[in-house]
Amino acid sequence: MRKGLPAFILRRLLLAVPVFIGVTLVTFVLMYIVPGDPVTVMVEEKMASTDPTAARLFREKWGLNDPLAVQYAKFLWNAARGDLGLSFRSEQPVLTAILERFPATAKLAAAALGIAILIGIPLGILAALRQNTALDAAAISLAAFGVSIPNFWLGLLLIYVVAVELRWLPPSGYGPAYPYLIMPAITLGTGLSAVIARLTRSSMLEVIRQDYVRTARAKGLAERRVVMTHALRNASIPIVTIVGVQISGLLSGAVITERVFSWPGVGRLLLDSIGARDLPIVQGCVLFIASVFILLNLVVDLSYAWLDPRIRYD
Amino acid sequence: MSAAVPIRAAIRTGPRRSVWRRARRLRNLTIGGLIVGAFVLVAILAPWIARHNPVRGDLNDYLQAPGGRYWFGTDTFGRDVFSRIVYGARISLGVGIAVQASALTIGVVLGLLSGFYGRWADNLIMRLAEIIFAFPGLLFAIAIMAVIGPSLYNVFVALGLVSWTSLARVVRGAVLAVKEQEFVEAARALGASNRRIIVRHLLPNIVAPAIILVTLGIGGAILAEASLSFLGLGAQPPTPSWGSMLTVGRDYLTEAPWLSIYPGLAIFLTVMGFNLLGDGLRDLLDPRMRV
């Protein structure tokens, strides 16, 4: 292990603490300053009762009569030990509910990321190697389309064309990767592939003019090796950085994609719980996605050292 | 002769003219400007362009296919999809511009405070920006909407709260870069107030990056509003928001694909227009990117 690495990881994890506190505090405080009482509404919906006693009993049971600061401190203390509370609706532990749904979201996000990389990087390399040709122009236009297309619309178009008209794939549902994962993954991956293609192109354009690439060519290396080993590896740091930044878009996009394709992931759980005013689940999902996001970004930061051994963590 | 032409051309080409000439050569700027201009016109002239009432329909005309009286067909309430899209431009552009206007105000004020006064103000504001920046923006907005409830005004509040961070950073950076330069020191030596230094010497330096960020930000805010409305967390019926039109479209994809195709196309074109315009403005205004 590289010197300074454990300290670096620890420092990064400590930096995540204010983010967690900020996110939980915002949702917690907002719940209390908003007019209208979510508990009353929930009790009315759940127990079909407008009896104030029902709401009072509900509040007592869930400790909602404590002062806000006490509730918040309890929540943080429990969350730090991995206990995110119980669902108002099903009384299932929040963490269990989330972990049940997590594999579906992980599959979707991983497949989308794979598609984005498999399309984006080759497209960017080709555009850079053939700068100012028709191929380059086509790649740039394609990327401009991909960046702007709303993923929920793309999903609906895919369902309409591929599932309804051509009947090649099922319109929605959850099951084995083929045939169920294909359209959701394309829907979620397209925007990111466009971003990656753009950045790969500009990053490669910068690198292929460098002396070390000329040297590699001069010593007679095959073009393939020049591009893949000497140019791409050096061009990859900005690409990896942008993938890290875009992970947030991937996670937000997953919420929407899961809604379009009725994909039973964490995003769908979040939206269903918002509809049912199941606030512990809502808060748990938000916190969970934030944690995944922070961890993935840490992985991205750590990969810099592998890409560029000159980088030191201190 | 051969020497005279370039000199005369140079005399005619003042700085303003050269910007104009460069602008016309930037294809993304032109296309983006045309698309955005067209949608702005549609939004302004909506009552004259729309052919039917956007919120009241004729139930006898339930789910009519495009063509005839209804160019883009009708929805489940017999409302004209074309007219709803035309009025929807007001909502999309309105939210986009309002969100970015508040982001600009918050961003410039906090960025100036942070860069100009430094110390604890800087620390506090930049940590806050980091926390917001470190979190998926749309998800943050979803969380806020989950608590404060769905409405168009709340969309504006939620997006405004998360959209100011990059502007604040840019403003702070520009202030730090300019603050120690001699002309600012000279202005101070001449007795200029902080306010005068900010208005006369600092703000002009952030106009270009602010224009670029705001233009790109409007596209982002329009997409975010459409996403939230699509999830049922934004504009509520019968408001003709493009995003919520797609929510209905999803349920009728087999019988009435036009309910999904046209509103989505409107979102796509508007967002692409702002993206191209923003990229074009960056090519035009940001000296570091000039070729």
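Residues numbered from 1 in each chain as written. Chains lettered and ligands numbered in written order. Predicted model: local features only at pLDDT ≥ 70, side-chain atom pairs only at ≥ 80, totals over all residues.

1. Digging into the overall build of chain A
- A tally of helices and strands in chain A yields 13 helices and zero strands.
- Along the first, second and third principal axes, the C-alpha atoms of chain A reach 85 × 55 × 35 Å.
- Buried residues in chain A amount to 36% of all 314 residues.
- Restricting the contact set of chain A to residue pairs at least 6 apart, pairs at least 24 apart contribute 73%. (Helix = DSSP H or I, 4+ residues; strand = E, 2+ residues; numbered from the N terminus. Buried ≥ 20, exposed ≤ 12 C-beta atoms within 10 Å, placed from the backbone. Contact = placed C-beta atoms within 7 Å.)

2. What about the overall build of chain B?
- Check the secondary structure of chain B and you find 13 helices and zero strands.
- Listing every helix and strand of chain B by position from the N terminus yields α-α-α-α-α-α-α-α-α-α-α-α-α.
- Expressed along its principal axes, the backbone C-alpha trace of chain B runs to roughly 75 × 65 × 30 Å.
- Contacts spanning at least 24 positions in sequence make up 70% of the contacts within chain B whose residues lie at least 6 apart.

3. Quick notes on the packing of helix α7 (residues 137-148) of chain B against helix α11 (residues 194-230) of chain B
All names here are of chain B.
- For the pair α7 and α11, the least separation of the axes is 11 Å and the interaxial angle reads 45°. Between α7 and α11, the angle is such that the two are oblique. Where α7 crosses over α11, the two elements pack in a sense that is right-handed. Contact residues: α7 offers Leu-138, Ala-141 and Met-145, while α11 offers Ala-224, Ser-227 and Leu-228.
- Residue composition of the contact of α7 with α11, grouped by class: five nonpolar, one polar and no charged. (Axes fitted to C-alpha atoms, helices over the stretch in contact; angles between N-to-C directions. Parallel < 35°, antiparallel > 145°, perpendicular 65-115°, else oblique. Left-handed = near helix turned anticlockwise from the far one by under 90°. Nonpolar A, V, L, I, M, F, W, Y, C, P; charged D, E, K, R; others polar.)

4. What about the interface of chain A and chain B?
- Taken together, the contact pairs 33 residues of chain A with 33 residues of chain B.
- When contributions to the side of chain A that touches chain B are tallied by element, the ones reaching two or more residues are α1 (5-33), α6 (134-148), α7 (151-165), α11 (223-260), α12 (266-275) and α13 (279-307) of chain A.
- Of the residues contributing to the side of chain A that touches chain B, the split by class is 27 nonpolar, five polar and one charged.

5. Regarding the confidence of the model for chain B
All names here are of chain B.
- Per-residue confidence for chain B gives a mean pLDDT of 85; residues scoring 70 or more make up 92%.
- Looking across chain B, the model is least confident in helix α1 (residues 4-12), with a mean pLDDT of 49, and most confident in helix α3 (residues 27-44), with 94.
- A low-confidence stretch, residues 1-5 stays under pLDDT 50, and its non-local contacts, those more than four residues away or across chains, total zero contacts.
- Across the assembled chains, the prediction reports ipTM 0.85 with pTM 0.86. (pLDDT = per-residue confidence, 0-100.)

6. A word on unusual backbone geometry
- Put simply, Pro237(B) and Pro238(B) share a cis peptide bond, and its omega is 5°.
- As for its position among the elements, Pro238(B) is in the loop between α11 and α12 (242-251).
- Within the chain, Glu91(A) stands out as a residue other than glycine whose phi angle is a positive 60°.
- Relative to the assigned elements, Glu91(A) resides in the loop between α4 (68-80) and α5 (94-129).
- A tally of 7 C-beta atoms within 10 Å means that Glu91(A) is categorised as exposed.
- Here the phi dihedral of Arg167(A) falls at roughly 60°; this positive angle occurs in a residue that is not glycine.
- Along the chain, Arg167(A) turns up in the loop between α7 and α8 (177-180).
- In this structure Arg167(A) comes out as exposed when scored by C-beta crowding, with 9 C-beta atoms within 10 Å.

7. Brief notes about the nonpolar core
- Ranked by size, the top nonpolar core spans 155 residues in total, and within it Cys285(A), Leu139(B) and Ala141(B) carry the most contacts.
- Top contributing element to this core by residue count: α5(A), with 15 residues.
- Contact partners of Cys285(A), with chain neighbours within four places excluded, come to Ile98(A), Val266(A), Leu269(A), Leu270(A) and Ser273(A). (Core = buried A, V, L, I, M, F, W, Y, C linked by C-beta atoms within 7 Å.)

8. Overview of α3(B)
- Spanning 18 residues, α3(B) covers 26 Å between terminal C-alpha atoms, matching the ideal 26 Å at 1.5 Å per step.
- All of the buried residues along α3(B) are Asn28(B), Leu29(B), Gly32(B), Val36(B), Phe39(B), Val42(B) and Ala43(B). (Expected span 1.5 Å × (residues − 1).)

9. A closer look at α4(A)
- In this model, α4(A) (13 residues) spans 18 Å end to end at C-alpha, consistent with the 18 Å of a helix rising 1.5 Å per residue.
- Count one or two residues on from α4(A) and you reach Gly82(A), which has phi positive near 85°.

10. As for the confidence of the model for chain A
- Here chain A shows a mean pLDDT of 84. Residues at 70 or above account for 91%.
- Mean pLDDT across the elements of chain A bottoms out in helix α2 (residues 38-47) of chain A (65) and peaks in α7(A) (94).

11. So, the environment of Gly114(A)
- Relative to the elements of secondary structure, Gly114(A) occurs in helix α5.
- Sequence separation of Gly114(A) and Ala185(A) is 71 residues, and the distance between their C-alpha atoms is 8.8 Å.

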